[in-house]
Amino acid sequence: QRYEDRGLIPRTLAYMFQCFRKSDAQYKMFISYLEIYQDQGYDLLREDSATKLEDLPKVNLREDEDGHFHLRNLSVNTAGGEEDALNLLFLGDTNRVVAETPMNDASTRSHCMFIIWVESTPPGSD
């Protein structure tokens with residue numbers, strides 16, 4: 001594939017790090033990657049030598065007493081730069097379930113969430 005044909009997530013990551021470099025503020029990026037397959041959540045960024053989806057840690061959705069939802073057992077990974085973020089994306093992509101369907105021989109039959117958190121610190125604050 002050509003570099004200019006890359007997908008939405010890689011282009012978004014490049015744009016975000018470009019914006020970080022132009023700003024005087026300090027930024028930290030954190031990434032999680034969740035797959036939902038057959039009503040189960042799986043952490044795609046755990047490097048536990050998993051050879052199949054069922055070997056990955058299951059992620060649980062919990063609601064607290066205030067009605068807020070939390071994902072339990074989902075790893076949060078630091079991305080110090082664009083290359084780190086892309087490596088996390090590629091790692092998660094390799095752990096995704098891909099099964100053949102009559103319409104598409106590379107169908108995932110799942111839903112995924114690539115989650116990006118950004119923490120910023122204004123210039124001059126400690």
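Residues numbered from 1 in each chain as written. Predicted model: local features only at pLDDT ≥ 70, side-chain atom pairs only at ≥ 80, totals over all residues. Heavy atoms only, no water.

Participant: When you look at the side chain of Ser 32 in this model, what are you seeing that I'm missing?
Facilitator: Counting through the fold element by element, Ser 32 comes out in strand 1 (residues 26–37). A distance of 2.6 Å separates the side chain of Ser 32 from the backbone oxygen of Ser 75, its partner in a polar contact. Apart from the residues within four sequence positions on either side, Ser 32 is in contact with Leu 45, Leu 74, Ser 75, Val 76, Met 113, Phe 114, Ile 115 and Trp 117. (Helix = DSSP H or I, 4+ residues; strand = E, 2+ residues; numbered from the N terminus. Polar contact = N/O pair within 3.5 Å; in protein donor to acceptor, adjacent residues only side chain to side chain. Contact = heavy atoms within 4.5 Å.)

Participant: Just to check I follow, could you spell out helix 2 (residues 82–95) for this structure?
Facilitator: Side chains three or four residues apart in an α-helix point the same way, a direct result of the helix having 3.6 residues per turn. Taking 1.5 Å as the rise per residue, helix 2 with 14 residues should run 20 Å; its terminal C-alpha atoms sit 20 Å apart, in good agreement. In this structure, the buried residues of helix 2 make contact with helix 1 (8–22), strand 1, strand 5 (77–79) and strand 6 (111–121). (Expected span 1.5 Å × (residues − 1).)

Participant: Is there a simple way to explain a nonpolar patch on the surface in this structure?
Facilitator: A cluster of nonpolar side chains, Leu 61, Phe 69 and Leu 71, forms an exposed patch at the surface whose accessible area comes to about 310 Å². Structurally, Phe 69 is set in strand 4 (residues 69–72). (Patch = residues over 30% accessible without salt bridge, like charges linked within 9 Å, V, L, I, M, F, W, Y side chains within 5 Å. Areas by Shrake-Rupley, 256 points an atom, 1.4 Å probe, with all protein chains shown as cover. Salt bridge = Lys/Arg side-chain N within 4 Å of Asp/Glu carboxyl O.)

Participant: Looking at this model, I keep getting lost on helix 1. Mind explaining?
Facilitator: Here helix 1 spans 21 Å end to end across 15 residues, near enough to the 21 Å set by a 1.5 Å rise per residue. When helix 1 is considered as a whole, its buried residues turn out to be Pro 10, Leu 13, Ala 14, Met 16, Phe 17 and Phe 20. Along the axis of helix 1, the buried residues cluster in a sector spanning 165 degrees; they form a single face. For helix 1, the exposed residues lying more than 90 degrees away from the buried face are Leu 8, Tyr 15 and Lys 22. The inward-facing, buried residues of helix 1 abut strand 1, strand 5, helix 2 and strand 6. (Buried < 20%, exposed > 50% of the residue type's maximum accessible area, 1.4 Å probe, protein only. Arc of directions from axis to C-beta.)

Participant: What exactly am I supposed to notice about the nonpolar core here?
Facilitator: Nonpolar side chains in soluble globular proteins tend to be buried together. Core analysis: the largest hydrophobic core is formed by 19 residues, its most contacted members being Leu 13, Met 29, Ile 31 and Ala 85. Within the residue set of this core, elements represented by two or more residues are helix 1, strand 1 and helix 2. Once residues lying within four places of it in the same chain are set aside, the contact partners of Met 29 are Leu 13, Met 16, Phe 17, Phe 20, Asn 77, Thr 78, Ala 79, Ala 85, Ile 116 and Trp 117. (Core = buried A, V, L, I, M, F, W, Y, C linked by side-chain atoms within 4.5 Å.)

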